[in-house]
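Coordinate analysis (summary)
What follows is each chain in one-letter form.
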Amino acid sequence: VAGVLNVLKPTYMPNTPRRPEYIRGVREEFEKRRGIPNVAMAVDGTHIPFTPDHEVGKMEFRNYKGWTSLLAVAFVDSFYLFVGADDVGQPGRSGDSAVLAESALLNKVKAYREAWLGEGGVIAADGAGGQLR
């Protein structure tokens with residue numbers, strides 16, 4: 001995780017809004033592929049297998065599926081590129097909605113919605129995306 005955040009993130013995920021032309025292209029591609037207009041990015045979480053070093057922390061990392069993991073919640077665009085990965089490495093018992101409630105990137109998007117999503121733009125998410133409003 002540290003390698004991604006320290007080496008790749010500054011170049012590939014600068015944590016600033018993309019150019020308006022790029023956002024338009026992302027939205028057009030989402031609509032072309034899925035038929036859903038105005039989607040500027042998507043977000044979802046996934047569990048990554050993880051074994052804690054000691055027994056004490058195992059319960060914190062046990063996910064709802066019954067095994068230990070780290071939770072990664074990531075924002076992507078329609079070209080399969082990460083928009084942000086600030087929310088990687090949460091204990092497996094965390095849920096997407098809990099991680100999104102603390103998301104630095106989501107807070108930036110909410111504060112400058114049009115810059116990040118374009119006029120009328122939205123973020124696609126599953127049921128755990130209630131924090132996106």
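Above this text is the structure in question.
Residues numbered from 1 in each chain as written. Predicted model: local features only at pLDDT ≥ 70, side-chain atom pairs only at ≥ 80, totals over all residues. Heavy atoms only, no water.

Next up on the list: the packing of aromatic side chains. Throughout the structure, instances matching the rule amount to two aromatic pairs. Between Y22 and F79, the ring centres sit 5.9 Å apart and the planes meet at 55°, which makes this aromatic pair tilted. Of this pair, Y22 sits in helix α2 (residues 20–34) while F79 sits in the loop between β2 (69–76) and β3 (82–91), placing them 57 residues apart in sequence. Residue classification places F79 among the partly exposed positions, given a relative accessible area of 34%. Aromatic side chains F50 and F61 sit 4.9 Å apart centroid to centroid with 50° between the ring planes, which places their arrangement in the tilted category. Linking F50 in the loop between β1 (39–49) and α3 (58–61) with F61 in helix α3, this pair joins segments that are 11 residues apart in sequence. Note on F50: relative accessible area 28%, which makes it partly exposed. Classification of F61 as buried rests on a relative accessible area of 15%. (Phe/Tyr/Trp six-rings, centres within 6.5 Å; stacked < 30°, edge-to-face > 60°. Helix = DSSP H or I, 4+ residues; strand = E, 2+ residues; numbered from the N terminus. Buried < 20%, exposed > 50% of the residue type's maximum accessible area, 1.4 Å probe, protein only.)

Of all eight residues making up β2, seven are buried, and the element is well covered by its neighbours. Across eight bridges, β1 lies against β2 in antiparallel orientation. Its bridge partner lying in β2, P49 is registered against S69. (Pairing = 2+ DSSP bridges.)

Next up on the list: unusual backbone geometry. It is generally the case that most residues other than glycine have a negative phi and that most peptide bonds are trans. With a phi angle near 75°, N38 is a residue other than glycine that sits in the positive phi range. Relative to the helices and strands, N38 is located in the loop between α2 and β1. One non-glycine residue, Y80, lies in the positive phi region at around 65°. Counting through the fold element by element, Y80 comes out in the loop between β2 and β3. Under the relative-accessibility criterion, Y80 is labelled exposed at 64%.

Applying the stated rule across the entire model yields three salt bridges. By sharing partners, the salt bridges in this structure join E29, K32 and R33 into a single network. (Salt bridge = Lys/Arg side-chain N within 4 Å of Asp/Glu carboxyl O.)

Take the pairing of β1 next. Here β1 runs beside strand β4 (residues 122–124); their pairing, made up of three bridges, is parallel. Its bridge partner lying in β4, V39 is registered against V122.

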